[in-house]
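Fold and contact review
Below, each chain spelled out in residue letters.
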Amino acid sequence: MHDFMRAIVIYRCAEPAMSQNFVSPDQIRAWFSRAMSDMYKSEVPLYDTLLDLVAQVNAQTLAARPELAAQLARTGEIERLDIERHGAIRVGTAEELANMRRVFAVMGMRPVGYYDLSPAGVPVHSTAFRATHEAALQASPFRVFTSLLRLELIDDAALREKAARILAARRIFTARALELAARFESQGGLGDADAREFVAEVLHTFRWHGEATVSLDDYRELHGQHRLIADVVAFKGPHINHLTPRTLDIDAAQAEMPRRGVSAKAVIEGPPPRNCPILLRQTSFKALEEAVSFIGADGQAAVGSHTARFGEIEQRGVALTRKGRALYDHLLNLARGRSSGAPHEGNAAAYRQTLQECFAAFPDNYAELHAQGLAYFRYSLTGKTGAPAGADSRTLIEQGYIRYEPLVYEDFLPVSAAGIFQSNLGDKTRAEYAQNASQAAFEQALGAPVLDEMTLYQDTQDRSLAACLQALGAQTGAVAA
Ligand code: OOG
Ligand code: NI
């Protein structure tokens, strides 16, 4: 850039009038989510097949279940369904993670939750970047499961140092992307041209690169320690490794997959099928084997391969309260204990049966989930008028002035995530890392605390009830308690 242009840029940054026309972070996120999906379609053609399959299953489900269609129309989820996706990436250093947080902040995405994957033999810990307010989630629910490699869990000191050296030398963001993130921070927003440029610049970070940054020997050494380490360390950046659409019927989608030439993993992660879906159910199919050119001797490239990218679909159900989540964790552990550990190809049918039996103890209708405080809900007015002044919320619900709808789970599940990692890492060996949760270390690397998802669900639930009470209070002339 010429110096006089740089001067103009600096002048524009300092110009307060610029702050008038910022693009909303929700809009930037929606653009970015769309751009990622288009990029992934061109990189992994099977993803397009998956989108097609999910769209078909969703249309069939909505046609066959008008009560579900009506519920999703009331909560607004039906409008976001077609654009709903999550992605996943893995970064290598604290600096990369901290910059990722700054970049996602431009799109209104904050780090929510802490996930420790080390007990499952995956040397990472993670968070989910996502929108937090229900209105923003409605505009674009795009989320990214983001994992930080934990080199400190690698026992081979020489390899650990080599990996750290390789990672220290790479730059996963373009200079321009970071410049625009800094501008967002100092101005409090980005104008239209900046926002569009930002999306295009940040997209580069998540691209697949067919050229490794290391030799085939180094790759093999990293891979020998853990496949995940090779995936993070040997490449230029954190390629998006999957993009997951949301289906309304994961069992139907799973059954349809082989008919379309997609071979899904044997077991759907998460709770069993239910009338009232809770949390999250997920299934994935294997990574593609992709040709990679490694740095060879005398500048000659050496050809090898790597498997990084895979496909996944998910069905989302109601978010659980701490009490509901404790019951979920208890029943899942029970099922896994009874079938001696994590489910696999060989015991899939028996595991499904056991899971179903264990989860019989989890109430399966919304009235019961609501009454027992097991799940979060969103309250709305039914339209019935003449509510008695001063009536409490319970009475207003019982008398049909206020109804409640399940509040959808926006997050992830550590045991499920471990299952997804493992099935796609492909190797049977499951190195055990001792229980090693370290939220403090993760937050230190991130440069900020992660948000507590329970607080977010509670806030949304509270806001919806307060709005109902206020509206009814305005009708009766008295604000209800
Ligand atoms: C992330 C695996 C976890 C999910 O949906 O739980 C995940 C990864 O493989 O990087 O995507
Ligand atoms: Ni996923």
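Scope of this entry: the structure provided in the associated data block. Here, residues in each chain are numbered from 1, in the same order as that chain's written sequence. Labels follow written order: the first chain is A, the first ligand is 1, and so on. Where local features are concerned, this predicted model is filtered to residues with pLDDT of at least 70; where side-chain atom pairs are given and counted, the filter is 80 or more; whole-chain, interface and lining totals use all residues. Just so you know, side-chain values use all the structure's heavy atoms and leave hydrogens and water out.

Within the secondary structure, asparagine 365 is located in the loop between helix H15 (348-358) and helix H16 (366-371). Think of it in three bands: with a 1.4 Å probe and only protein chains considered, a residue is buried below 20% of the maximum accessible area for its type, exposed above 50%, and partly exposed in between. According to the relative accessible area criterion, asparagine 365 is partly exposed, its value standing at 36%. Along the backbone, asparagine 365 and arginine 274 are 91 residues apart, and their C-alpha atoms lie at a distance of 9.3 Å. Polar contacts here mean pairs of N or O atoms no more than 3.5 Å apart (in protein, one a potential hydrogen donor and the other a potential acceptor; neighbouring residues in sequence count only if both atoms are side-chain atoms). A polar side-chain atom of asparagine 365 sits 2.8 Å from the main-chain amide nitrogen of glutamate 368. Only DSSP runs of H or I covering at least 4 residues are called helices, and only runs of E covering at least 2 are called strands; the numbering of each starts at the N terminus.

Structurally, serine 33 can be placed in helix H2 (residues 25-43). Among the residues examined, serine 33 registers a relative accessible area of 7% and is labelled buried.

What follows deals with the pattern of salt bridges. Should a side-chain nitrogen of Lys or Arg be within 4 Å of a carboxyl oxygen of Asp or Glu, the pair is scored as a salt bridge. Applying the stated criterion across every chain yields a total of 37 salt bridges. Between arginine 176 and glutamate 179 there is a salt bridge, with the nearest N and O atoms lying 2.6 Å from each other. Pair noted here: arginine 176 and glutamate 179 are both in helix H9 (residues 175-187), with a separation of 3 residues, about one helical turn. Arginine 281 is the partner of aspartate 251 in a salt bridge, and the nearest nitrogen-oxygen pair spans 2.9 Å. Of this pair, aspartate 251 sits in helix H13 (residues 250-256) while arginine 281 sits in strand S7 (residues 280-285); the two residues are 30 residues apart in sequence, bridging distant segments of the chain. A relative accessible area of 33% means that aspartate 251 is categorised as partly exposed. According to the relative accessible area criterion, arginine 281 is buried, its value standing at 8%.

To continue, consider the sheet that holds strand S6 (residues 242-245). Taken together, the 5 strands give an open sheet; going across it, the order is S2-S3-S4-S1-S6, and neighbouring strands pair in mixed fashion. Only two strands of the sheet have a single neighbouring strand rather than two, namely strand S2 (110-116) and S6. Strand-to-strand twist in this sheet, taken as the mean axis angle between neighbours without regard to direction, amounts to 20°. Strands were regarded as paired on the criterion that DSSP finds at least two bridges between them. Pairing of strand S1 (residues 85-91) with S6, which is carried by 4 bridges, proceeds in the antiparallel orientation. Paired with histidine 86 across the two strands is threonine 244, which belongs to S6. Each of S1 and S6 touches helix H3 (residues 45-64); the most contacted strand, S6, lies at about 10° to it. Seen against the sheet, helix H18 (residues 414-425) touches S1, S2, strand S3 (124-130) and strand S4 (143-149) and runs at an angle of roughly 75° to S4. Only the stretch in contact is used when a helix axis is fitted, and all axes are lines through C-alpha atoms; the angle between N-to-C directions ranges over 0 to 180 degrees. It only takes one pair of heavy atoms within 4.5 Å for two residues to be counted as in contact.

Geometry sets the ideal angles at a metal, namely 109.5 degrees for four tetrahedral donors and 90 or 180 degrees for six octahedral donors. Only His86 (NE2), His242 (NE2) and Glu312 (OE) from the protein coordinate the nickel ion (ligand 2), and they sit 2.1 Å from it. Judged by its relative accessible area of 3%, glutamate 312 is buried. Counted as donors are N, O and S atoms no farther than 2.8 Å from the metal, or 3.2 Å for Na, K and Ca; water is not among the atoms, and sites may therefore look incomplete.

A few words now on the site of ligand 1. The full set close to ligand 1 counts 13 residues, and His86, Arg90, Asn241, His242 and Gln282 are the nearest of them. In this structure, arginine 90 approaches ligand 1 through a side-chain N or O atom, which is 2.7 Å from an oxygen atom. Per-residue and other accessible areas were derived by the Shrake-Rupley procedure at a 1.4 Å probe size, with only the shown protein chains allowed to occlude residues. A total of 320 Å² of accessible area belongs to ligand 1 in isolation, and the protein chains cover 100% of it. Elements that contribute at least two residues to the shell around ligand 1 include exactly S1 and H18. For this scheme, ten residues count as nonpolar: Ala, Val, Leu, Ile, Met, Phe, Trp, Tyr, Cys and Pro. Four count as charged, namely Asp, Glu, Lys and Arg, and the remainder, Gly too, count as polar. Looking at the shell around ligand 1, its residues break down into 7 nonpolar, 4 polar and 2 charged. Being near a molecule or strand, for a residue, means having at least one of its heavy atoms within 4 Å of it.

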